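This is what each chain is made of:
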Amino acid sequence: MAGYTEHHPDAPEAARSPMVSLRGVDKHFGDLHVLRGIDLDVAAKEVVVVVGPSGSGKSTLCRTINRLETIDSGEIRVDGTPLPTEGPALAQLRADVGMVFQSFNLFAHRTILDNITLAPIQVRRAKRAVAEAEAMALLERVGIADKAGHHPAQLSGGQQQRAAMARALAMHPKVMLFDEPTSALDPEMVNEVLDVMVGLARDGMTMIVVTHEMGFARRAADRVVFMDQGRIVEQDTPAGFFDSPRTERARSFLASVLTH
């Protein structure tokens, strides 16, 4: 896709400290076993893109990392600390783990600037002037500084998603989670959001991205994780996964998504 820049990590894998770690993670929704024995480590500054067919557990995996979904067994650690279950520690975790959803989840009655400054002021106890200055810098970074005084309904879908990304970044997160961030967008708006994500990757943000955008996975990921039926089937560099998938299931998936 146009506008992409290849992402090359600053340091070899072995030199990085783990930022997210999942061990033996299982999750059920009733009788449906949506995560099956998930083991996954994500290093600091690493960009991991999770792909797979619908219903494979990708979004659930993403949502367990900031405890929007609880797990039945196993352990998840963020920056070496097990996920807290409730209270102030859980609020701190969610401040440290930014999340961007399919739907933008902006407060409709607040301006874009207010949407971005609300959490830093209330959770981080930032002074309003400082929070607003940082928010404007972030809006500049995502290319919508001129929309600071607008309400979400006055923005396009792509602009709203970029505002949602700025809101997550305003908390200075250690990790950014993206759950299908472009799936609700019109096709012409997809690249403007992906370009911002590529910039974050280039700047060294630790990112876990659930997406169906294979061009983004190929160009921005350090590693591609392929899931099917609640399991991690294989994982590799983008070149390795796309050019030489090791399993028949991955080959079948790629044949279906790369020919449309």
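An unreviewed UniProt entry lists the chain under the name Amino acid ABC transporter ATP-binding protein, from Agromyces tropicus. Regarding the chain, the UniProt comment filed under Subcellular location (unreviewed entry) reads as follows: "Cell membrane". What UniProt states about the chain under its Sequence similarities (unreviewed entry) heading is, verbatim, "Belongs to the ABC transporter superfamily."

*Asks:* Can you walk me through the pattern of salt bridges in this structure?
*Replies:* Between side chains of opposite charge, a pair can form as their charged atoms come close. Tallied over the entire structure, the rule returns 15 salt bridges. Close ionic contact of Arg77 with Glu75 constitutes a salt bridge, the shortest N to O distance being 3.0 Å. The class of Arg77 is partly exposed, set by a relative accessible area of 31%. Overall, Glu75 belongs to the partly exposed group, its relative accessible area being 34%. Several salt bridges converge on common partners, so that one network encompasses Asp79, Asp96, Arg124 and Lys174.

*Asks:* Whenever I open this one, the environment of Arg219 confuses me. Can you help?
*Replies:* With respect to the helices, strands and loops of the structure, Arg219 is situated in helix α7 (residues 214-220). On the accessibility criterion, Arg219 (26% relative accessible area) is partly exposed. Considered as a pair, Arg219 and Ala239 are 20 residues apart in the sequence and their alpha carbons are 9.2 Å apart.

*Asks:* Would you take a moment to explain the environment of Thr247 for this structure?
*Replies:* Here Thr247 lies in the loop between α8 (238-243) and α9 (248-257). With 13 residues separating them along the chain, Thr247 and Glu234 place their C-alpha atoms 7.5 Å apart. Those residues in contact with Thr247 that lie beyond four places of it in its chain are Val233 and Glu234.

*Asks:* Would you explain the packing of aromatic side chains in this entry?
*Replies:* How two aromatic rings sit relative to each other is set out by the distance from centre to centre and by the angle between their planes. Tallying each qualifying case throughout the model produces three aromatic pairs. Ring centres of Phe226 and Phe253 lie 5.2 Å apart, and the angle between their planes is 40 degrees; this geometry places the pair in the tilted category. With Phe226 in strand β9 (residues 223-228) and Phe253 in helix α9, this residue pair connects regions lying 27 residues apart in the sequence. You'll find Phe226 and Phe253 in the same group, each marked buried. A ring pair is formed by Phe241 and Phe242, whose centres lie 5.2 Å apart and whose planes are at 75 degrees; its orientation type is edge-to-face. The residues Phe241 and Phe242 share a single accessibility class, namely buried. An aromatic cluster of at least three residues, connected via ring pairs, comprises Phe226, Phe241, Phe242 and Phe253.

*Asks:* Honestly, the sheet that holds strand β1 (residues 18-29) in this entry has me stumped. Any pointers?
*Replies:* What holds strands together in a sheet is hydrogen bonding between their backbones, with the strands either parallel or antiparallel. In space, the four strands of this open sheet follow the order β2-β1-β4-β5, with antiparallel pairing throughout. Each edge of the open sheet is held by one strand with a lone partner, namely β2 (32-43) and β5 (81-82). As judged from the eight bridges shared by β1 and β2, these two strands associate in the antiparallel manner. Residue pairing for β2: Lys27 is matched across the bridge by Leu35.

So, how was this worked out
- Residues numbered from 1 in each chain as written.
- Predicted model: local features only at pLDDT ≥ 70, side-chain atom pairs only at ≥ 80, totals over all residues.
- Heavy atoms only, no water.
- UniProt positions renumbered as here; feature names shortened; annotations may be inferred.
- Salt bridge = Lys/Arg side-chain N within 4 Å of Asp/Glu carboxyl O.
- Buried < 20%, exposed > 50% of the residue type's maximum accessible area, 1.4 Å probe, protein only.
- Helix = DSSP H or I, 4+ residues; strand = E, 2+ residues; numbered from the N terminus.
- Contact = heavy atoms within 4.5 Å.
- Phe/Tyr/Trp six-rings, centres within 6.5 Å; stacked < 30°, edge-to-face > 60°.
- Pairing = 2+ DSSP bridges.

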